[in-house]
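# Analysis of the macromolecular model
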Amino acid sequence: MTAINGAAAAVTGAASGIGRALATELAARGCNLALADRDEAGLASLARELAAQDRKVTTHRLDVSDPAAIAQFAEDAIRAHPGLNIVINNAGVALFGGFHEIDQAEMEWLFNINFWGVVHGTRAFLPHLARQAEAHVVNLSSIFGIIAPPGQSAYAAAKFAVRGFSESLRHELAAANSPVRLSVVHPGGVATAIARNARAGIGMTDNARRVQSIERFERIAKTSPRDAALRIIQGIERNEPRILIGGDARFLDLLQRFMPGTYWKVMAKRLEKAAARDQ
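Values in this document were obtained by computation on a predicted structure and should not be read as measured data. (Residues numbered from 1 in each chain as written. Predicted model: local features only at pLDDT ≥ 70, side-chain atom pairs only at ≥ 80, totals over all residues. Heavy atoms only, no water.)

### Focus: the packing of aromatic side chains
Taken as a whole and assessed by the stated rule, the structure comprises 5 aromatic pairs. Summarising the aromatic geometry, the rings of F111 and F115 are spaced 6.2 Å apart at their centres and angled 65 degrees between planes, so their arrangement reads as edge-to-face. Take F115: its relative accessible area is 12%, and that puts it in the buried class. Summarising the aromatic geometry, the rings of F115 and F165 are spaced 6.4 Å apart at their centres and angled 90 degrees between planes, so their arrangement reads as edge-to-face. (Phe/Tyr/Trp six-rings, centres within 6.5 Å; stacked < 30°, edge-to-face > 60°. Buried < 20%, exposed > 50% of the residue type's maximum accessible area, 1.4 Å probe, protein only.)

Next up, the structure:
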């Protein structure tokens, strides 16, 4: 078990969405925090909200696509919180468009944040975590790290990569009898602004399709950021290796297991029916 009360956690992507909810719920449970994001105004407002919790909270401007900046964040966070023992690699972005509509630079932009940001974040903190009595790394994948819908080639590839990296590292840590536990998280639809803030591929000229995609996501995103955060915290406390968030994620995980090569035929029919009802 990794105890939350008395711990100190580093959280990336903390200014909004799941990251902000995690910061709020961790602080309420007695956890000190090193909060990182590119959004300095969002971090500042979060820090003001957390002031009433009487926890030590430090804020750090961070672009997780920059390995040197991640290394500096780890150094600063550990200096401010010497007992830091939880790292949550949460920051992420989205990109609309089929493979033919996104160029290589856009795919690399997404990978630098969604995959390499996780890898560099884990690497930067791991030596320190390994010296703690108990420690935990949490890496955010997605349900799109289990299934891969059309139009999500870049995002799904990065999230599958997070899953593979995390599972392999978890097995290495266990074989070495490390005190570090590792959880990989697969959220389904969580009501955040990730779709609304997503980039559109350079070749995606149909803005109506982009709007439709955002509206569809917001209709099906039933889980609140707070509920997602509570589920992650529960997973940390229980040292769960794999954390599925939402009934949709649990359903899709099972569907992929039973129909690994043909699950999208089932999902396409469900989406067609849902679209017909919305018309």
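Read on for the rest.
### Looking at the packing of helix α4 (residues 104-114) against helix α6 (residues 153-175)
Between α4 and α6, the shortest axis-to-axis distance is 10 Å and the interhelical angle comes to 30 degrees. Considering their axes alone, α4 and α6 lie roughly parallel with respect to each other. The handedness of the crossing between α4 and α6 comes out as right-handed. Where α4 abuts α6, its residues M107, L110, F111 and N114 lie against S153, A154, Y155, A157, A158, K159 and V162. When the residues that make up the contact of α4 with α6 are grouped by side-chain class, the tally is 8 nonpolar, 2 polar and 1 charged. (Axes fitted to C-alpha atoms, helices over the stretch in contact; angles between N-to-C directions. Helix = DSSP H or I, 4+ residues; strand = E, 2+ residues; numbered from the N terminus. Parallel < 35°, antiparallel > 145°, perpendicular 65-115°, else oblique. Left-handed = near helix turned anticlockwise from the far one by under 90°. Contact = heavy atoms within 4.5 Å. Nonpolar A, V, L, I, M, F, W, Y, C, P; charged D, E, K, R; others polar.)

### Section: empty space enclosed by the protein
Tallying each qualifying case throughout the model produces 1 cavity of 30 Å³ or more. Its volume calculated, the largest cavity comes out at about 40 Å³. What lines the largest cavity is T12, V64, N89, N90, A91, I113, G117 and V118. For the lining of the largest cavity, the class distribution of residues is 4 nonpolar, 4 polar and no charged. (1 Å grid on protein atoms, 1.4 Å probe; cavity = no way out; pocket = protein on both sides within 12 Å on 5 of 7 lines; lining within 4 Å. Points joined across faces, edges and corners; volume = space filled by probe spheres on them.)

### Quick word on the UniProt feature "domain: Ketoreductase" (unreviewed entry) in the chain
As annotated by UniProt and renumbered to match this structure, "domain: Ketoreductase" (unreviewed entry) occupies residues 7-193. The distance from the first to the last C-alpha atom of residues 7-193 is 29 Å, and the span holds 45% helix and 19% strand. (UniProt positions renumbered as here; feature names shortened; annotations may be inferred.)

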